[in-house]
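Observations on the three-dimensional arrangement
Chain residues, written in single-letter form:
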Amino acid sequence: MWEITALLALAALGWLWHDSMRAREAALAAGRRACERERLQFLDETVECVRLLPARDEAGHLVLRRLYRFEFSDNGDNRRAGTVAMLGGGVESLTMEPFLLQ
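Heads up: these notes are all about the structure in this document. (Residues numbered from 1 in each chain as written. Predicted model: local features only at pLDDT ≥ 70, side-chain atom pairs only at ≥ 80, totals over all residues. Heavy atoms only, no water.)

**With respect to the overall build of the protein**
The number of helices and strands found in the protein is one helix and four strands. Of the regular secondary structure in the protein, the N- to C-terminal order runs α-β-β-β-β. A compact globule built from 102 residues would reach a C-alpha radius of gyration of about 13 Å, whereas the protein, at 17 Å, exceeds it by more than 25%. Summarising its shape, the C-alpha atoms of the protein cover approximately 65 × 30 × 15 Å along the three principal directions. In the protein, buried positions account for 28% of the 102 residues. With the model as given, the accessible surface of the protein reaches about 7100 Å², and the carbon-plus-sulfur share is 58%. Considering the protein, the positive charge centre built from 13 side chains and the negative charge centre built from 15 side chains are found 2 Å apart. (Helix = DSSP H or I, 4+ residues; strand = E, 2+ residues; numbered from the N terminus. Rg over C-alpha atoms; globule rule 2.2 N^0.38 Å. Buried < 20%, exposed > 50% of the residue type's maximum accessible area, 1.4 Å probe, protein only. Areas by Shrake-Rupley, 256 points an atom, 1.4 Å probe, with all protein chains shown as cover. Lys, Arg positive; Asp, Glu negative; His and termini not counted. Charge placed at Lys NZ, Arg CZ, Asp CG, Glu CD.)

Put into structure tokens, the structure is as follows:
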């Protein structure tokens, strides 16, 4: 019986890893697009997951809400923070620190 439990646990971990990689790639693309749209530098070409919580989507299904952090620069001499909130596989919101418009 413990073999089945171990296999189910491994399958769940594999699903979580695959789903997290997919969500990370979507968050990375969203952050990059936002920086390109505002003519900003997307620093380090990466995002980091800072929060992972269960949540309900609009249809009431249980999904994971992930919060990713990234950094950008408006003038090349500083670092500013931005966040991408992912609900399931889609972008829920994207926020960026205020920056100087030129």
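**Considering the sheet that holds strand E1 (residues 41-56)**
Spatially, E1-E2-E3-E4 is the arrangement adopted by the four strands of the open sheet, whose pairing is antiparallel. Where the open sheet ends on each side, the last strands, each with one partner, are E1 and strand E4 (90-96). Going from strand to strand, the sheet's axes swing by 20 degrees on average, the running direction of each strand aside. Taken together, the eight bridges between strand E2 (residues 62-73) and strand E3 (residues 80-87) define a ladder with antiparallel strand orientation. Counted as the bridge partner of Tyr-68 is Val-84 from E3. (Pairing = 2+ DSSP bridges. Axes fitted to C-alpha atoms, helices over the stretch in contact; angles between N-to-C directions.)

**A short note on the nonpolar core**
In terms of nonpolar packing, the biggest core is built from 13 residues, with Ala-27, Cys-35, Phe-42, Val-47, Tyr-68, Phe-70 and Val-84 touching the most fellow members. Of all the elements in the fold, those that place two or more residues in this core are helix H1 (2-37), E1, E2 and E3. Looking at this core, the element that brings in the most residues is H1, giving five residues. Once you skip the residues sitting within four places of it in the chain, Cys-35 turns out to touch Leu-40, Gln-41, Phe-42, Phe-70, Phe-72 and Met-96. (Core = buried A, V, L, I, M, F, W, Y, C linked by side-chain atoms within 4.5 Å. Contact = heavy atoms within 4.5 Å.)

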